[in-house]
Amino acid sequence: MPTIELTIRPRSSDPPEAVAWYLPGGNTAEWLEEIARWPTAHAAIRLIAIRESSGAEIAGAVAIPGDKKFATSGKCVPLARVGENLYLPVDAELFPALPRDEVVELLAAEYVYVWLPGRGLTAAESVDMLRVADLMELPVGAGVDWSQAVPGIAFAHRLIAILPDALPSFDDVIDEGRDDIGERAGELKDLPKSPNEPLSNVTGAAMRSAMRAAAVPAMGVGWMLSALGNIASLGGIRPGPSLTGGSRSGSGGLSNFANELFNKISQSLEAQRNKEIGRLLHMLESDPDQGLKFAIPFGGGGQHRGLATPGGRLGMRNVEFSLGRLGGGGAADFWNMSPDYQQRLITKYRELAARETRLGRHRRAAYIYAELLGDLRSAASTLEQGRHFREAAVLYKDKLNNASAAAECLERGELWNEAIEAYRQLGRHEKVGDLLTHIEQYEEAAAAYHLAADELKSRQDLLGAARIYEEKLNDCRLALDTLDAGWPSASQAQRCTAASFALRGRLGWHDEAKQRTAELSADAELLGRYADIAEMLANVFEHYPESEVQGEAARLSRNLIANRLRHAGLAEADQLVTVLLRLDPSDRLLRRDGWRFVDKRSDASQPLQPVLARTKKNQLQLVRRFELGLDGVWRSAISLGEFIIAAGVMEGRVVFARLHGNGEVEKCLTAWPRMAVPSDTAVVMHGGQSPLRVYSIGEPALPEKQVFSITGSGTGAVTAGTPRGLDVVWGVAAGKTGHTWAIANRDDPALVCVDSEGAVISTQSLLAAVDAPWDLVSHPIPMHATGDHLVIAVGYKLLSVKNGQVEQLEVLPDRVIELVGGSPYAAPVLAACMESGVAVVRLGYDGYVRTVAQDLQKPTALLNSGGFLIAADKGTIQSHELGGLKTYRSDKQGYAEANHSTGKPIAILPAEQTNRFTLVSETGVISVYEAKS
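The model shown is predicted, which means the values in this text are computed figures rather than measured ones. (Residues numbered from 1 in each chain as written. Predicted model: local features only at pLDDT ≥ 70, side-chain atom pairs only at ≥ 80, totals over all residues. Heavy atoms only, no water.)

Visitor: Give a description of a nonpolar patch on the surface that names residues and reports values.
Guide: Among the surface-exposed residues, Leu-776, Tyr-796 and Val-811 lie close enough to one another that they form a single nonpolar patch of about 230 Å² accessible area. With respect to the helices, strands and loops of the structure, Val-811 is situated in strand β28 (residues 805-811). (Patch = residues over 30% accessible without salt bridge, like charges linked within 9 Å, V, L, I, M, F, W, Y side chains within 5 Å. Areas by Shrake-Rupley, 256 points an atom, 1.4 Å probe, with all protein chains shown as cover. Salt bridge = Lys/Arg side-chain N within 4 Å of Asp/Glu carboxyl O. Helix = DSSP H or I, 4+ residues; strand = E, 2+ residues; numbered from the N terminus.)

Below, the structure is given as structure tokens:
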């Protein structure tokens, strides 16, 4: 009986509904962080561990919830169920296709099966499936408290590195690489003709040879050298002026004859070159390995020594990447080339670079990127993928001026000493300490950690310094002293106090914590900060792990509130009552009496005023409002857990602000103090967790750097930067599983895809792919990844990039300025914000385009998980229910409109409640709205 192998392949039809999710990575803390966001019964979730193909390590987990109707983050891979007990990615299908009953018959009923690309088929019995609680079980204690143990000093027991007496510099590498200067290259003379090449005219060729031979004795050697000089100086393809400077002496006839002759030679040379280019294109298609040896470089980055005698043949090149050729070489022979030929060669080069990478020939791929395309960043990333770490680091540092990426590259290559020195030069002392600890140089590591802590304290970041003392130096007393020193005058005073109680709780120093609550209570009258200290004590009551300290903090907080409430002003009284309710949230009478007391103290009640809506049934109501300050600075904003992060440009520097849930605002104004950008630079951010991906559009890459430190609760440290595989970009989009798509060159748009680590996965030229009005493209270029599509807006056209193919999707009524949508796994619906109005575009076989909000000018938009489109310009907000757009429902059910005066919106962010959203304006005003029906 014949055997048929069953496999999975990309789905050719629309994906089914997701009923489970794959959480990539072996970090259970990240699994729990993701699951905690899901609005479902966590106790009902079942987990299946997925191992690497080798079976040694955990690669991720599949979560099967009881309730499937909710949205997840973009990190999760959605899975569909086939038959009764088989789970596949929603964009995959079985091949060959099997009926449902055959799938059920094929798979044992007592197992649950998960089939993932690259991971194979996993079978799990019921006893193998985990609950969420299983991930949080504490290990069995050994009966000994080792929490205060400190490692002693020991000699290193392993070999760290073998290094030469003196490491070669970049100049040394360049000089050693100049081994091909002066060598005679082979010529493309024995290659087969391209199919479109006409037959040579033998008679004409013989006649031209005879004319050249006759011309040399007639003109004389000097005349010939002068003419050759003219031709060489002009690149060998344009006829020069009269060789005698326009003299009309008796030699004028001979001069005219020479000019005419050399004009014909130049035309013949250009024709010969076009023929060579045609042969090269044919060879790159039919025999890429051979064709690459004769490829014409477009990089223009390498130096050359003068100009060579013009020729009509292509010389052979070494296709292995060499730092030496980037530093200089021999004489150059420049060829004029039509735009069509240029674009065809560039497109082919990028295809071949991807091919060489797939074949594992990373040095060849780097050669194509660096020397043929001038794309040094892709060359460096490719070398790094091929484990040529030193050469990649040289490119990052000396050619791309990205010392941070060079240090990270050396670290990934486990070149410890070189990486440590690179980080030390960058002033990243904590990283230096981490690497020294890794190679068991503990004393030097401790010195580096102290330098890092001192630097943080000099920047008034006491939380960061205390973290290093506790986590890296195991000096909890010094950490507590640092945190306590922040009260009351430091900018992080309240967060330092919260962190000090959290640390005492972890250490079990409860008596000291109780004493600290009494000290804070005594400070209230001395400092006049009754409400702030009452709130801090309430935080201790809510979060401290020991009941006696909790009770003492609650008692002191109540006493402060009782003694101060009758004397407080209205704003302070409001804050004190709010804190009091936190101390006993179940007491309804206390809540009633507390707010009644505040109302009596005020002259008139100030309830929230609903904003005027167009219909009586639907209203947009302002819930709360915050201000970041720095009017006109802000360019973009995103939600990051409990925070809102905004980015902008002030005085030529990229700056950030972080809004906490309680209204506290932090600012980072010196993330990259030496990197100036124009004041009108657009700043784009994306990412649901740290590190954030940040791009200053049209400007050099921003190296990854910490912009915010941890909060008092020990979470919230935020780093930001541009992925190392990207430099100057004109548009970006976040794709699946951490991938980022970017357009890296506006004149000749190259689409670059990098993975979550910043390594270049692919590049693709877009200019010749489809007819599009690139002269009308917006800035930044609108892009969005949805499902298996990357959608790019060029002027009024929407283009789709899928599996390397570029197609036109839609032609819209106006120029697109922004594309927004859900997560990469959400329904394929986009909102195309235009110069006027918003076009809602549904992709797929049942797709449609509907234009709404035509009276909004240059709006921004949000497609929220509740099925609503929120759009806003500098004066108006509109809400449209997506369910009625396909049929143009006319009763305006689910529609609302409101006016606002906070300025031009830079982002509309979703909230946990689907009927709420947050509007962030360039003025720094952040407004939370709620849709009321």
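Visitor: Please give an account of helix α13 (residues 403-412) that cites residues and values.
Guide: Within α13, eight of the 10 residues are buried, leaving the element largely enclosed by the surrounding structure. Looking at α13, one finds that the buried residues are Ser-404, Ala-405, Ala-406, Ala-407, Glu-408, Cys-409, Leu-410 and Glu-411. Against α11 (376-385), α12 (389-399), α14 (416-426) and α15 (429-438) lie the buried residues of α13. Just past α13, the residue Glu-414 takes up positive phi, approximately 60 degrees. (Buried < 20%, exposed > 50% of the residue type's maximum accessible area, 1.4 Å probe, protein only. Contact = heavy atoms within 4.5 Å.)

Visitor: Talk me through the pairing of strand β31 (residues 836-842); I want residue IDs and the actual numbers.
Guide: Where burial is concerned, most of β31 is hidden: five out of the seven residues are buried. Note that strand β30 (residues 829-834) and β31 share five bridges and pair antiparallel. Looking at the pairing, Leu-830 lines up with Val-841 of β31. Hairpin connection between β30 and β31: a loop of one residue separates the two successive antiparallel strands. Taken together, the six bridges between β31 and strand β32 (residues 848-857) define a ladder with antiparallel strand orientation. Across the sheet, Ala-839 pairs through a bridge with Thr-851, a residue of β32. (Pairing = 2+ DSSP bridges.)

Visitor: If you had to explain the pattern of salt bridges to someone new, which residues and values would you point to?
Guide: On inspection of all chains with the given rule, the structure shows 41 salt bridges. The residue Arg-355 makes a salt bridge to Glu-356 at a minimum N-O spacing of 2.8 Å. Since its relative accessible area comes to 22%, Arg-355 is described here as partly exposed. Taking relative accessible area as the criterion, Glu-356 reaches 0% and is therefore assigned buried. Notably, a salt bridge pairs Glu-356 with Arg-361, separated by 2.6 Å at the nearest N-O pair. On the basis of relative accessibility, which here comes to 28%, the residue Arg-361 falls in the partly exposed class. The network of salt bridges with shared partners includes Arg-477, Asp-481, Asp-484, Arg-504, Glu-512, Arg-516 and Glu-519.

Visitor: Got a sec to walk through the sheet that holds strand β22 (residues 740-743)? Specific residues and values, please.
Guide: Within the open sheet, the four strands sit side by side as β21-β22-β23-β24. Their pairing is antiparallel. With one partner strand each, in any of the chains shown, β21 (731-734) and β24 (760-765) form the two edges of the open sheet. If you compare each strand with its neighbour and ignore which way they point, the axes differ by 15 degrees on average. Examined bridge by bridge, β22 and strand β23 (residues 750-754) share four bridges and lie antiparallel to one another. Across the sheet, the residue bridging to Ala-742 is Val-752, located in β23. Packing against the sheet, helix α9 (residues 339-358) makes contact with β23 and β24, and its axis sits at approximately 160 degrees to β24. (Axes fitted to C-alpha atoms, helices over the stretch in contact; angles between N-to-C directions.)

Visitor: Describe the sheet that holds strand β14 (residues 643-650), with residues and values.
Guide: Taken together, the four strands give an open sheet; going across it, the order is β13-β14-β15-β16, and neighbouring strands pair in antiparallel fashion. Each edge of the open sheet is held by one strand with a lone partner, namely β13 (634-640) and β16 (665-668). The average undirected angle you get between the axes of adjacent strands in this sheet is 20 degrees.

Visitor: Which residues make up the confidence of the model for the chain, and what are the values?
Guide: Of the residues in the chain, 73% have a pLDDT of 70 or more, and the chain-wide mean is 77. In this model, residues 199-229 is a region of pLDDT below 50 whose contacts with residues beyond four sequence positions or in other chains number 21 contacts. The low-confidence segment residues 231-251, where pLDDT is below 50, has 33 contacts with residues more than four positions distant or belonging to other chains. (pLDDT = per-residue confidence, 0-100.)

Visitor: Quick rundown of the packing of helix α19 (residues 493-507) against helix α20 (residues 510-527)? Include the residues and the values.
Guide: Direction vectors running N to C along α19 and α20 enclose 155 degrees, while the axes themselves pass 8 Å from each other. As the angle between them shows, α19 and α20 are arranged roughly antiparallel. For the crossing formed where α19 meets α20, the hand is left-handed. In this structure, α19 uses Thr-497, Phe-501, Arg-504 and Gly-505 to contact α20, whose residues at the interface are His-510, Glu-512, Ala-513, Arg-516, Thr-517 and Leu-520. A breakdown of the residues in the contact of α19 with α20 according to their chemical character gives three nonpolar, four polar and three charged. (Parallel < 35°, antiparallel > 145°, perpendicular 65-115°, else oblique. Left-handed = near helix turned anticlockwise from the far one by under 90°. Nonpolar A, V, L, I, M, F, W, Y, C, P; charged D, E, K, R; others polar.)

Visitor: Can you tell me about the environment of Val-540, naming the residues and giving the values?
Guide: Mapped onto the elements, Val-540 comes out in helix α21 (residues 530-543). For Val-540, a relative accessible area of 5% translates into the label buried. In this structure the C-alpha to C-alpha distance between Val-540 and Ala-502, which are 38 residues apart in sequence, comes to 8.5 Å.

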